[in-house]
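This is what each chain is made of:
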Amino acid sequence: MICSLLTQTPLSLAYFGDSPSIYKTPNHLPISLASPRVFLGPILSPAIRAFCSKSGEVGGMASSLRNQGSMSYLTQREAAEIDETLMGPLGFSVDQLMELAGLSIPTSIAEVNKPSEYNRVLAICGPGNNGGDGLVAARHLYHFGYKPFVCYPKRTPKPLSSGLVTQLESLSVPFLSVDELPVDLSKDFDILVDAMFGLSFHGSPRPPFDNLIQKLVHLPNCGQMQQKSPVIVSVDIPSGWHVEEGDGGEGIKPEMLKFSGPHHFLGGRFVPPTIAEKYKLHLPQYPGTSMCVRIGKPPQIDISALRENYISPEFLEEQVEADPMNQFRKWFDDAVAAGLKEPNAMALSTIGKDGKPSSRMVLLKGVDKDGFVWYTNYESRKARELSENPHASLLFYWDGLNRQVRVEGFVQKVSDQESEQYFHSRPRGSQIGAIVSKQSTIVPGRHVLHQQYKELEEKYADGSSIPKPKHWGGYRLQPERFEFWQGQQSRLHDTLSTSIVLL
């Protein structure tokens with residue numbers, strides 16, 4: 001199989017992929033392996049000598065990488081062995097690896113370039129497996145909310161490639177011929193996926209790919225024209241580069257192409273433990289069900305430049321439920337249906353007698369006509385402040401839907417019976433945790449908590465009922481005011497407020 005480098009302009013990424021085979025060079029090269037894509041960050045010329053056999057320059061690159069965390073090393077022979085193992089005893093097929101590779105591309109793009117800002121994508125696909133990666137990426141980009149276009153000048157009759165074309169056509173993804181492409185790609189596209197040639201390529205690019213490469217090489221300097229520059233994403237290596245000697249002067253030159261670049265991702269997550277153990281690979285933990293994980297140094301960003309141009313349906317007053325509790329349930333159900341993580345998470349803000357506010361995240365555990373319920377330690381700071389001032393506010397934020405809800409109201413404890421019933425519905429581990437955890441207090445160390453937990457775990461190992469501690473129970477906020485917020489473009493957000501008159 002092939003190894004891959006992915007780069008972007010101006011937000012660069014680099015990766016190895018399809019399979020764990022690394023740069024084709026006899027030197028030992030750095031890699032954090034988790035095929036099909038290992039994102040190691042942009043490479044800067046002359047550090048691009050990693051593609052040639054000058055060990056000194058490769059070592060310099062390796063040193064830079066080591067500063068970003070624990071790295072693993074593979075020789076070309078070892079990489080080839082892994083290829084053979086994946087495609088042999090482990091039973092992976094070309095289309096499986098291509099699918100995983102193609103998925104990692106849009107997954108990583110979406111981490112950096114949101115479809116609300118970078119929507120129009122042109123995938124320029126070559127005739128080989130590298131082009132197949134581009135076709136798979138285009139299909140996933142469509143489902144991720146982007147608007148992909150495909151330029152595939154040299155189609156092959158292979159079933160794998162023709163099947164990918166059929167899949168894209170079924171989604172009405174436009175295929176553009178070379179003649180149909182605009183002279184200036186930056187005017188029509190926000191992201192340009194360069195999936196023409198990979199690490200198996202040698203020689204000089206032939207028509208029409210030579211001209212396509214030049215289109216990417218000679219993109220106008222949009223910075224001087226006060227417009228957003230398109231992002232260039234190169235699969236494998238930038239097309240036109242020599243695999244072992246790097247850029248010969250005629251290839252694509254992303255503006256940010258260095259190992260100290262801002263965005264580094266490790267993609268794919270299917271490397272079997274046997275391979276990881278044999279080659280002593282250091283694989284990081286992936287967050288949740290994500291297909292990629294950010295590695296290396298955190299990006300240096302301008303906080304003032306961070307912004308999201310929300311795209312949401314209009315939230316009109318005539319669409320709002322007459323009862324604000326019903327409107328909340330409607331939006332809450334939308335958040336659950338969208339698969340958002342912990343849609344019941346809410347910020348609870350309280351103020352004690354000293355007048356100083358404090359906030360923390362808690363979990364909603366019940367909502368009905370009487371209000372919003374959560375459970376906590378009655379000896380915590382929030383409990384003390386609620387006893388001094390029984391008024392609080394809740395804030396729900398659902399990022400994936402561009403929505404938030406604020407609720408203000410009067411707070412009181414739920415009945416002991418209600419707290420008792422919920423306590424015994426919790427996992428036994430959580431019940432023991434509620435006894436051990438003394439919120440808002442200082443403990444000598446985590447080892448003390450673990451020891452107390454272990455003792456209680458042994459005490460109730462026979463399955464007997466665990467008594468609810470007196471210092472633990474629930475609160476209910478009876479709403480007096482709601483505010484529903486829906487993010488919209490250009491900061492023209494929709495905000496609807498309603499107050500409840502308590503009789």
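Residues numbered from 1 in each chain as written. Predicted model: local features only at pLDDT ≥ 70, side-chain atom pairs only at ≥ 80, totals over all residues. Heavy atoms only, no water.

Asker: Help me understand the overall build of the protein in this model?
Answerer: Looking only at helices and strands, the protein features 12 helices and 18 strands. Long-range contacts, defined here as pairs at least 24 residues apart, represent 73% of the contacts in the protein between residues at least 6 apart. Summed over all atoms, the accessible surface of the protein reaches about 24,600 Å², with 52% contributed by carbon and sulfur. (Helix = DSSP H or I, 4+ residues; strand = E, 2+ residues; numbered from the N terminus. Contact = heavy atoms within 4.5 Å. Areas by Shrake-Rupley, 256 points an atom, 1.4 Å probe, with all protein chains shown as cover.)

Asker: Quick question: what am I supposed to make of the pattern of salt bridges here?
Answerer: Two side chains that carry opposite charge are able to pair once their charged atoms sit near each other. Enumeration according to the criterion identifies 12 salt bridges in this entry. As a salt-bridge pair, Glu 483 and Arg 481 come within 3.9 Å of each other at their nearest N and O atoms. With relative accessibility at 13%, the residue Glu 483 sits in the buried group. For Arg 481, a relative accessible area of 26% corresponds to the partly exposed category. Put simply, Arg 406, Glu 408, Arg 481 and Glu 483 are held in one network by salt bridges that share partners. (Salt bridge = Lys/Arg side-chain N within 4 Å of Asp/Glu carboxyl O. Buried < 20%, exposed > 50% of the residue type's maximum accessible area, 1.4 Å probe, protein only.)

Asker: What should I look at first to understand the state of the cysteines in this one?
Answerer: A covalent bond between the sulfur atoms of two cysteines is referred to as a disulfide. For the structure on display, the rule yields 0 disulfides. Between Cys 125, a free cysteine, and Cys 151, which holds the nearest cysteine sulfur, the sulfur-to-sulfur gap is 8.1 Å. (Disulfide = S-S within 2.5 Å.)

Asker: Help me understand the packing of helix H3 (residues 94-112) against helix H4 (residues 129-143), please; the structure alone is not making it clear to me.
Answerer: Two quantities define a packed helix pair, namely the angle between the helix axes and the distance between the axes. It is the contact of H3 with H4, at a shortest axis distance of 7 Å, that shows an interaxial angle of 55°. In terms of orientation, H3 and H4 fall into the oblique class. Seen from above, H3 lies across H4 with right-handed handedness. Across the interface between the two elements, Val 94, Met 98, Glu 99, Ala 101, Gly 102, Leu 103, Ile 105 and Pro 106 from H3 touch Asn 129, Gly 132, Asp 133, Val 136, Ala 137, Arg 139, His 140 and Leu 141 from H4. Residues of the contact of H3 with H4, tallied by class, amount to 9 nonpolar, 4 polar and 3 charged. (Axes fitted to C-alpha atoms, helices over the stretch in contact; angles between N-to-C directions. Parallel < 35°, antiparallel > 145°, perpendicular 65-115°, else oblique. Left-handed = near helix turned anticlockwise from the far one by under 90°. Nonpolar A, V, L, I, M, F, W, Y, C, P; charged D, E, K, R; others polar.)

Asker: Help me out: how do you make sense of the pairing of strand E11 (residues 345-351) in this one?
Answerer: As a general feature of sheets, a regular strand has side chains that alternate between the two faces. With 5 of its 7 residues buried, E11 lies for the most part within the structure. Direction of pairing for E11 relative to strand E12 (residues 357-363): antiparallel, over a ladder of 7 bridges. Paired with Ser 349 across the bridge in E12 is Ser 359. Taking the residues that link successive antiparallel strands as the turn, the E11-E12 hairpin has 5 residues, and the phi of Gly 355 there is positive, at about 80°. Examined bridge by bridge, E11 and strand E15 (residues 391-398) share 4 bridges and lie antiparallel to one another. Counted as the bridge partner of Thr 350 is Ala 392 from E15. (Pairing = 2+ DSSP bridges.)

Asker: Help me understand the packing of aromatic side chains, please; the structure alone is not making it clear to me.
Answerer: Given two aromatic rings, one states the distance between the centres and the angle between the planes to describe the pair. Going through the model one piece at a time under the given rule, you end up with 21 aromatic pairs. Ring centres of Phe 197 and Phe 209 lie 5.2 Å apart, and the angle between their planes is 70°; on these two criteria the pair is classed as edge-to-face. Taken as a pair, Phe 197 in the loop between strand E7 (191-195) and helix H6 (209-217) and Phe 209 in helix H6 lie far apart in primary sequence, 12 residues in all. Ring centres 5.6 Å apart and planes at 90° place the aromatic pair Tyr 310 and Trp 485 in the edge-to-face group. In this pair, Tyr 310 sits in the loop between strand E10 (292-294) and helix H8 (324-337) while Trp 485 sits in strand E17 (residues 472-486), placing the two residues 175 residues apart along the sequence. Take Trp 485: its relative accessible area is 11%, and that puts it in the buried class. Through a chain of ring-to-ring contacts, the aromatic side chains of Phe 315, Phe 328, Trp 331, Phe 332, Phe 372, Phe 396, Trp 398, Phe 482 and Phe 484 assemble into a single cluster. Above the face of the Phe 175 ring, Arg 155 is positioned so that its terminal group lies 4.6 Å from the ring centre. Seen from the ring of Tyr 378, Lys 413 lies directly overhead, with NZ or CZ sitting 4.0 Å from the centre. (Phe/Tyr/Trp six-rings, centres within 6.5 Å; stacked < 30°, edge-to-face > 60°. Lys NZ or Arg CZ within 6 Å of the ring centre and 35° of its normal.)

Asker: So what exactly am I meant to see when it comes to the nonpolar core here?
Answerer: One broad trend across soluble globular proteins is that nonpolar side chains are buried collectively. In this structure, Leu 135, Val 150, Ile 191 and Val 193 are the most contacted members of the largest nonpolar core, which totals 28 residues. Of all the secondary-structure elements, those providing two or more residues to this core are H3, strand E5 (120-125), H4, helix H5 (159-170), E7 and strand E8 (231-234). Among the elements that take part in this core, H4 stands out by supplying 5 residues, more than any other. Other than its neighbours up to four places away in sequence, Ile 191 contacts Ile 109, Asn 113, Tyr 118, Arg 120, Val 121, Leu 122, Tyr 146, Val 231 and Val 233. Of all hydrophobic cores here, the second largest spans 26 residues; its members include Ala 335, Leu 348, Phe 372 and Ala 383. (Core = buried A, V, L, I, M, F, W, Y, C linked by side-chain atoms within 4.5 Å.)

Asker: Is there a simple way to think about a nonpolar patch on the surface in this case?
Answerer: A cluster of nonpolar side chains, contributed by Ile 301, Ile 303 and Leu 306, occupies part of the molecular surface with about 330 Å² of accessible area. Within the secondary structure, Ile 303 sits in the loop between E10 and H8. Relative accessible area serves as the criterion here: at 66%, Ile 303 is assigned to the exposed category. (Patch = residues over 30% accessible without salt bridge, like charges linked within 9 Å, V, L, I, M, F, W, Y side chains within 5 Å.)

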